[in-house]
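Per-entry structural report
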Amino acid sequence: MKRNLFVIALAALLAGPVLAADSYTLDSLHSIPVFEFMHLGLTTQTGRFEKVAGTVILDPDARQGSGSYEVETSSLNMGFGTETPDSPGYRLFEVTKFPKITFRSTRLIFDNHHDVIAAVGHLTLLGVTKPLTLKVSRFKCSVNPMNKKMMCAGNITATIKRSEFGMVGYIPVISDEINLRIPVEAY
C-alpha cells in the first residue's frame, strides 16, 4: 500500500508541470516570417515565406515552455518572378533538396512579469543545425476579441550569418548577414 502511494505521489509530482502547461498552435496567416538582406551593399531587400506551421507549449507561472516553427521553403516569395524554381532565391535555399527550415526551442526565457523575452533552441537551414537564441518582444496572452479564443502573440527577431549554414552563393552581392522578423500568433 505504501509503495502504491509513493508511486502515485511521484507520478503526480512529475506530471504536475506538464498538466499546467498549455499548448498553442500557430496561426499561419498571422505568423509569416520576413527576412532582410543588403543588396550590392546599398539597399535593404526583403523576402518572406508564406507557409509555416508550429506549436508553443507554455506555462508562464512555472516560467517554462518550448516551441517549434517550421517553414516550407517552396513558399518563398521575394516579389515578381522570384517564386519559380529557376530563381536565385530557390537556388540559394536549395528548395528541392531542403523543403523545410525548422527552429526547435528547448527553452523559453521569461521576464519578471512572466512574459516570454527569448527562445533558446536550434535552427536547421540547408541541413545544417546551429544553436540560436531568438529575441521576443511585445509578448502577451489574452482572449482575441474577434474570435473569443485565447491567443498568445509576440514579435521575434534574430540575425544569422547564412554562410554558417553553407549558404554562400552571391556573397558579397547579397549580404552574409540576414535579419529575421517574425510576428507570431498562436491559439
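No experiment lies behind these values; they were computed from the predicted model shown.

Looking at the state of the cysteines
Overall, the coordinates contain one disulfide when judged by the stated rule. Each sulfur of the disulfide joining Cys 141 and Cys 152 lies 1.9 Å from the other. Because the torsion about its S-S bond is 105°, the bridge between Cys 141 and Cys 152 counts as right-handed. Of this pair, Cys 141 sits in strand β9 (residues 128–143) while Cys 152 sits in strand β10 (residues 150–161), placing them eleven residues apart in sequence.

Topic: a nonpolar patch on the surface
A cluster of nonpolar side chains, namely Leu 40, Leu 42, Tyr 170 and Val 173, defines an oily patch on the protein surface of about 400 Å² accessible area. As for its placement among the helices and strands, Val 173 is situated in the loop between β10 and β11 (177–186). Looking at Val 173, the relative accessible area reads 38%, which means it is partly exposed.

A closer look at the pairing of strand β7 (residues 100–110)
Where strand β5 (residues 64–72) lies against β7, six bridges are found, and the strand directions are antiparallel. Bridge assignment links Ser 68 to a residue of β7, and that residue is Arg 104. Here eight bridges tie β7 to strand β8 (residues 116–125), and the two strands are oriented antiparallel to one another. By the bridge assignment, Ile 109 is partnered in β8 with Ala 118.

Let's talk about the confidence of the model for the protein chain
Detail in the predicted coordinates should be disregarded across regions flagged by low pLDDT. Overall, the prediction assigns the protein chain a mean pLDDT of 88, with 87% of residues at 70 or greater. Throughout residues 5–19 the model reports pLDDT below 50, and contacts reaching past four residues in sequence, or to other chains, amount to two contacts.

The rules behind each value
Residues numbered from 1 in each chain as written. Predicted model: local features only at pLDDT ≥ 70, side-chain atom pairs only at ≥ 80, totals over all residues. Heavy atoms only, no water. Disulfide = S-S within 2.5 Å. Helix = DSSP H or I, 4+ residues; strand = E, 2+ residues; numbered from the N terminus. Patch = residues over 30% accessible without salt bridge, like charges linked within 9 Å, V, L, I, M, F, W, Y side chains within 5 Å. Areas by Shrake-Rupley, 256 points an atom, 1.4 Å probe, with all protein chains shown as cover. Salt bridge = Lys/Arg side-chain N within 4 Å of Asp/Glu carboxyl O. Buried < 20%, exposed > 50% of the residue type's maximum accessible area, 1.4 Å probe, protein only. Pairing = 2+ DSSP bridges. pLDDT = per-residue confidence, 0-100. Contact = heavy atoms within 4.5 Å.

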